[in-house]
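For reference, the chains in residue letters:
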Amino acid sequence: MTGILKIALKLLVNDKSKFSALLVGITFAVFLMVMMTSMFSGILTRASATVLNIGAKVWVMDPAVNNVASSIPMPDYVLDAVRSINGVKYAVPLYSGGALVKLRSGSYQFVTVMGLDDSTLFGRPELLAGKIEDIFAENAFVVVQDAEFAKLENPIIGTEFEINDHRGVVVGLAKVNTSGLFGVPTLYTTFSRAITYIPSTRFTAAYILIEPKGSGDLSYIKRQVQKLGYEALTKDEFIQKISNFYKYNTGLGINVLLMTIISFIVGLSISGQTFYTFILENLEKFGALKAIGAKGRELITMILFQATFTALTAYGLGVGLATTLIVVARLRLPDYAAQITYGNLGLAFVMVLIIAGVSSYIGIRKVIRIEPFDIFRS
Amino acid sequence: MANLAVRAQGLTKWFGEGDAKTFAVRDASFEAHFGELLYIVGPSGSGKTTLLSMISGILRPNSGNVMIEDKDIWSLSDDEIADFRLNRIGFVFQDYHLFPRLTTVENVAIPLILKKMDWNESLKVALGYLEIVGLEERAQLPPVKLSGGEQQRVAIARAIASHPDILIFDEPTASLDGDTGRKIVEFVKKDILNEKRCIIIVTHDIRIFEFADRIMNMEDGKITGVEKREP
Ligand SMILES: Nc1ncnc2c1ncn2[C@@H]1O[C@H](COP(=O)(O)OP(=O)(O)OP(=O)(O)O)[C@@H](O)[C@H]1O
Ligand SMILES: [Mg+2]
């Protein structure tokens, strides 16, 4: 570190009250921004849990579908038509619906049932216990061991329950990457059992999952599906569509955006104000440095360094605080959905840089204008 | 004259415009030489600080020039003037302007650091200058813990640390008691002044007149006369 930066640092850090006020202000702003956006991305990921967990590359659905849970079943001819499209290696139906389960204790619990294609079990989860072939056994269901597992009274293999007046038995426990948003446990079974156990509309396939022959076939498949009046989306496109629904059609996005902007403004005003006072109080010192022979450029470097140093320190503290809080919250609430992504961190980082930039701009304008003469004449 | 340090020619500085226009310094010309202790005396508001600031590259005159080694410093670029201040001028401000958040030795090291000397090296050199002014034991204290006279000496150490050949003191004894003031100027004359240095002191303080080589009088922005003191 060059000498003038070291001096700048000492002038800043040794002014303990101002420095801590600056740190608190920016840390708080970063903390709020990271928390808000993390909550939001947590919710978005949860909302796309099924898409992530099933893992199919291409999903065919009714164009009006905008989140996984509210699927619109498609008639059977669509499946046949999709299978005959060039470039489709195979295509299978996926059942997705809700049912009421009566537990051993006699209480009821709403569940999501995923019905996997009988011949391929495409999209099957990884099992923690049990064998996947057992899913073909009578009344067999696989229970997902996620945050909602306890709501089914922690079943084990062999545990029985009632599902819409049918008997059900647990044959396996599955692990999934992401829990769902709605706080509802998930059961897997075969497509044919799902449609027989759960009262359905005339059409049964909620989604058609496609494995394309190659990625080059994608656009052709999409166009053909579109001609059928349906929509084929890649996994990422589907997730994006779901995210957009929550961002733009639910009011959630706007609220998060507002909160983020408010934290930014609060952080900016606290730290801008404090930094400005800091510069004002040190104006005389900057004037003295100028009189001794510091160049304007060097003073600017000092101020930029002070602002950046404060901003980055506070950024670290804010992110650390948010992470700690999220980790602790997760320990206590398995359902806690916040998720820190690089995007969140990047956003908070950009905002912190803006805070530093604005603060130093105010300081620099002031310092550049001082005439050392006015300071010494006293 | 071979030992000419500063030649000011026709320096004029005014403040304000129109009715508010006041002349702080009018058509001031004088010379200062290496090896001499030149005093500038005059009533308050007579333009002493303004004059000092113009010859030390801090305040740009409205007209006139300041020749140092046959070059008008006010014809230099801003960066060159900054370098001139750093390398040639040691300014001791009236109220010291020490940095309360730095230690005493760091304060003294500032000009060296601005000259891009390595941090540790500059602290070492600065400690040497603190020794010259007899304050090496106070090196690690913040300046506010020092007495007025000690702070004055720290300011002197800082002014001489960059090895300037023109030293400028604005009212160095104004906030000191008579005895301390005298001691400091005596010390400056004995230990800081040499034939390669020129020291200009602005003062009101008649108790220290005895140390002057020449005394220049100012009144109402004009130089009204120079008298030579016999040793
Ligand atoms: N920035 C300024 N704006 C307006 N007038 C100024 C400014 N600086 C100095 N002056 C005026 O110029 C004149 C000379 O000021 P200067 O500070 O040089 O006097 P001085 O001899 O140093 O006085 P003192 O002994 O009180 O320090 C004064 O009348 C002062 O009011
Ligand atoms: Mg003055």
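Remember, it's a predicted structure, so these values are computed and weren't measured experimentally.

### So, a nonpolar patch on the surface
Residues and elements named next belong to chain A.
Here is step 1 of the chain: Together, Phe-28, Ile-254, Leu-257, Leu-258, Met-259, Ile-261, Ile-262, Ile-265, Val-266 and Ile-270 line one region of the surface with nonpolar side chains, adding up to about 850 Å² of accessible area.
Here is step 2 of the chain: Here the nonpolar patch gets 9 residues from one element, more than from any other, and that element is helix H8 (residues 252–292).
Here is step 3 of the chain: Inspection of the secondary structure puts Leu-258 in helix H8.
Here is step 4 of the chain: On the basis of relative accessibility, which here comes to 46%, the residue Leu-258 falls in the partly exposed class.

### Let's talk about the site of ligand 1
Here is step 1 of the chain: In the vicinity of ligand 1 lie 15 residues, with Ser44(B), Gly45(B), Lys48(B), Thr49(B) and Thr50(B) positioned nearest.
Here is step 2 of the chain: Chains contributing residues to the immediate surroundings of ligand 1 are chains A and B.
Here is step 3 of the chain: Take Ser44(B): an N or O atom from its side chain is 2.5 Å from an oxygen atom of ligand 1.
Here is step 4 of the chain: Between Ser46(B) and ligand 1, the recorded distance is 3.2 Å, taken from a backbone N or O atom to an oxygen atom.
Here is step 5 of the chain: When isolated, ligand 1 has an accessible area of 630 Å², and the protein chains bury 72% of it.
Here is step 6 of the chain: Taken together, the residues that form the shell around ligand 1 break down as 4 nonpolar, 7 polar and 4 charged.

### A word on the environment of Ala137(A)
Here is step 1 of the chain: Mapped onto the fold, Ala137(A) is located in the loop between strand S4 (126–130) and strand S5 (140–144).
Here is step 2 of the chain: Owing to a relative accessible area of 34%, Ala137(A) belongs among the partly exposed residues under this scheme.

### Overview of the pattern of salt bridges
Once the charged atoms of two side chains with opposite charge are near each other, the side chains can pair.
Residues and elements named next belong to chain B.
Here is step 1 of the chain: Within this structure, the stated rule accounts for 24 salt bridges over all chains.
Here is step 2 of the chain: Linking Asp-191 and Lys-190 is a salt bridge whose minimum nitrogen-to-oxygen distance equals 4.0 Å.
Here is step 3 of the chain: By relative accessible area, Asp-191 is classed as partly exposed at 44%.

### Describing the sheet that holds strand S9 (residues 214–219) of chain B
In sheet architecture, strand pairing relies on hydrogen bonds along the backbone and comes in two forms, parallel and antiparallel.
Residues and elements named next belong to chain B.
Here is step 1 of the chain: Across the sheet, which stays open at both edges, the 6 strands sit in the order S6-S7-S8-S3-S9-S10 with mixed pairing between neighbours. Here the strands that pair on one side only, and so sit at the sheet edges, are strand S6 (89–92) and strand S10 (222–228). Strand-to-strand twist in this sheet, taken as the mean axis angle between neighbours without regard to direction, amounts to 15°.
Here is step 2 of the chain: Note: S6 against strand S7 (residues 166–170), 4 bridges, orientation parallel. When the bridges of S7 are listed, Val-92 appears paired with Phe-169.
Here is step 3 of the chain: Sitting on the sheet, helix H2 (residues 78–88) touches S6 and S7, and the angle it makes with S6 is about 75°.
Here is step 4 of the chain: Its contacts with the sheet place helix H6 (residues 178–192) against strand S3 (37–41), S7 and strand S8 (198–202), and it is angled at close to 170° to S8.

### Concerning the nonpolar core
Here is step 1 of the chain: By size, the foremost hydrophobic cluster in this structure holds 131 residues, and its most contacted members are Tyr39(B), Leu51(B) and Ile55(B).
Here is step 2 of the chain: It is helix H9 (residues 296–332) of chain A that contributes the most residues to this core, 11 residues altogether.
Here is step 3 of the chain: Counting 37 residues, the second largest nonpolar core, distinct from the first, contains Leu121(A), Tyr188(A), Leu233(A) and Val256(A).

### Here's the deal with the interface of chain A and chain B
Here is step 1 of the chain: With 27 residues of chain A in contact, the opposing surface of chain B contributes 28 residues.
Here is step 2 of the chain: On the chain A side of the contact with chain B, Ile292(A), Phe373(A) and Phe376(A) bury the most area, a combined 26% of that side's loss.
Here is step 3 of the chain: The salt bridge involving Glu298(A) is made with Lys116(B); its shortest N-O contact spans 2.8 Å.
Here is step 4 of the chain: The tally of links between chain A and chain B comes to 9 residue pairs in polar contact (both at pLDDT 80 or more).
Here is step 5 of the chain: Residue assignment for the side of chain A that touches chain B shows that the elements contributing at least two residues are helix H1 (3–13), H8, H9 and helix H11 (372–376) of chain A.
Here is step 6 of the chain: Per element, the largest residue contribution to the side of chain A that touches chain B is 7 residues, and it comes from H8(A).
Here is step 7 of the chain: Considering only residue class, the side of chain A that touches chain B consists of 12 nonpolar, 4 polar and 11 charged.

### Notes on the confidence of the model for chain B
Residues and elements named next belong to chain B.
Here is step 1 of the chain: Taken as a whole, chain B shows an average pLDDT of 92; of its residues, 99% reach a score of 70 or greater.
Here is step 2 of the chain: Taken element by element, chain B is modelled with least confidence in H6, mean pLDDT 87, and with most confidence in helix H3 (residues 104–114), mean pLDDT 96.
Here is step 3 of the chain: What the predictor reports for the complex is a pTM of 0.79 with an ipTM of 0.90.

### Digging into the pairing of S10(B)
Looking along a regular strand, one sees side chains alternate from face to face of the sheet.
All names here are of chain B.
Here is step 1 of the chain: For S9 and S10, the ladder comprises 6 bridges, and the chain directions are antiparallel. Note that in S10 the partner of Ile-215 across the bridge is Glu-227.
Here is step 2 of the chain: In this antiparallel pair of consecutive strands, S9 and S10, the connection spans 2 residues, and Asp-220 shows a positive phi of 50°.

### Details of the environment of Lys366(A)
Here is step 1 of the chain: Of note, Lys366(A) is situated in helix H10 (residues 342–369).
Here is step 2 of the chain: Apart from residues lying up to four places away in sequence, Lys366(A) is in contact with Tyr276(A), Ile279(A), Leu280(A) and Leu283(A).

### Quick word on the packing of H8(A) against H10(A)
Residues and elements named next belong to chain A.
Here is step 1 of the chain: It is the contact of H8 with H10, at a shortest axis distance of 8 Å, that shows an interaxial angle of 30°. Between H8 and H10, the interaxial angle falls into the category roughly parallel. Along this stretch, H8 crosses H10, giving a crossing that reads as right-handed.
Here is step 2 of the chain: Tallied by class, residues from the contact of H8 with H10 come to 16 nonpolar, 7 polar and 2 charged.

### Brief notes about the sheet that holds strand S2 (residues 22–33) of chain B
Residues and elements named next belong to chain B.
Here is step 1 of the chain: Spatial ordering of the open sheet is given by S2-S1-S4-S5, a layout of 4 strands whose pairing is antiparallel. Looking at which strands have only one partner, the edges of the open sheet turn out to be S2 and strand S5 (71–72).
Here is step 2 of the chain: This element, helix H1 (residues 48–55), spans strand S1 (4–15), S2 and strand S4 (63–68) of the sheet and lies at about 125° to S1.

### Looking at the environment of Gly106(A)
Residues and elements named next belong to chain A.
Here is step 1 of the chain: Structurally, Gly-106 can be placed in the loop between strand S2 (88–102) and strand S3 (108–116).
Here is step 2 of the chain: For Gly-106, a relative accessible area of 33% corresponds to the partly exposed category.
Here is step 3 of the chain: Residues Gly-106 and Phe-161, 55 residues apart in the sequence, show an inter-C-alpha distance of 9.3 Å.

### So, the packing of aromatic side chains
Here is step 1 of the chain: Enumeration according to the criterion identifies 16 aromatic pairs over all chains in this entry.
Here is step 2 of the chain: Pairing Trp59(A) with Phe238(A) gives two aromatic rings, centres 5.4 Å apart and planes at 50°, and the pair type is tilted. Highlighted residues: Trp59(A) in strand S1 (residues 58–61) and Phe238(A) in helix H7 (residues 235–249), separated in sequence by 179 residues.
Here is step 3 of the chain: Using a relative accessible area of 0% as the deciding quantity, one classes Phe238(A) as buried.
Here is step 4 of the chain: Geometrically, the ring pair formed by Tyr207(A) and Phe238(A) is tilted, given 5.7 Å between the ring centres and 55° between the ring planes. Taken together, the residues span a long stretch of sequence, with Tyr207(A) in strand S9 (residues 207–212) and Phe238(A) in helix H7 at a distance of 31 residues. Residues Tyr207(A) and Phe238(A) agree in their burial class; the two are buried.
Here is step 5 of the chain: The ring of Trp14(B) carries Lys21(B) above its face, with NZ or CZ at 4.0 Å from the centroid.

Criteria and thresholds
- Residues numbered from 1 in each chain as written.
- Chains lettered and ligands numbered in written order.
- Predicted model: local features only at pLDDT ≥ 70, side-chain atom pairs only at ≥ 80, totals over all residues.
- Heavy atoms only, no water.
- Patch = residues over 30% accessible without salt bridge, like charges linked within 9 Å, V, L, I, M, F, W, Y side chains within 5 Å.
- Areas by Shrake-Rupley, 256 points an atom, 1.4 Å probe, with all protein chains shown as cover.
- Salt bridge = Lys/Arg side-chain N within 4 Å of Asp/Glu carboxyl O.
- Helix = DSSP H or I, 4+ residues; strand = E, 2+ residues; numbered from the N terminus.
- Buried < 20%, exposed > 50% of the residue type's maximum accessible area, 1.4 Å probe, protein only.
- Near = heavy atom within 4 Å.
- Polar contact = N/O pair within 3.5 Å; in protein donor to acceptor, adjacent residues only side chain to side chain.
- Nonpolar A, V, L, I, M, F, W, Y, C, P; charged D, E, K, R; others polar.
- Pairing = 2+ DSSP bridges.
- Axes fitted to C-alpha atoms, helices over the stretch in contact; angles between N-to-C directions.
- Contact = heavy atoms within 4.5 Å.
- Core = buried A, V, L, I, M, F, W, Y, C linked by side-chain atoms within 4.5 Å.
- Buried area = accessible area lost by both parts, 1.4 Å probe.
- pLDDT = per-residue confidence, 0-100.
- Parallel < 35°, antiparallel > 145°, perpendicular 65-115°, else oblique.
- Left-handed = near helix turned anticlockwise from the far one by under 90°.
- Phe/Tyr/Trp six-rings, centres within 6.5 Å; stacked < 30°, edge-to-face > 60°.
- Lys NZ or Arg CZ within 6 Å of the ring centre and 35° of its normal.

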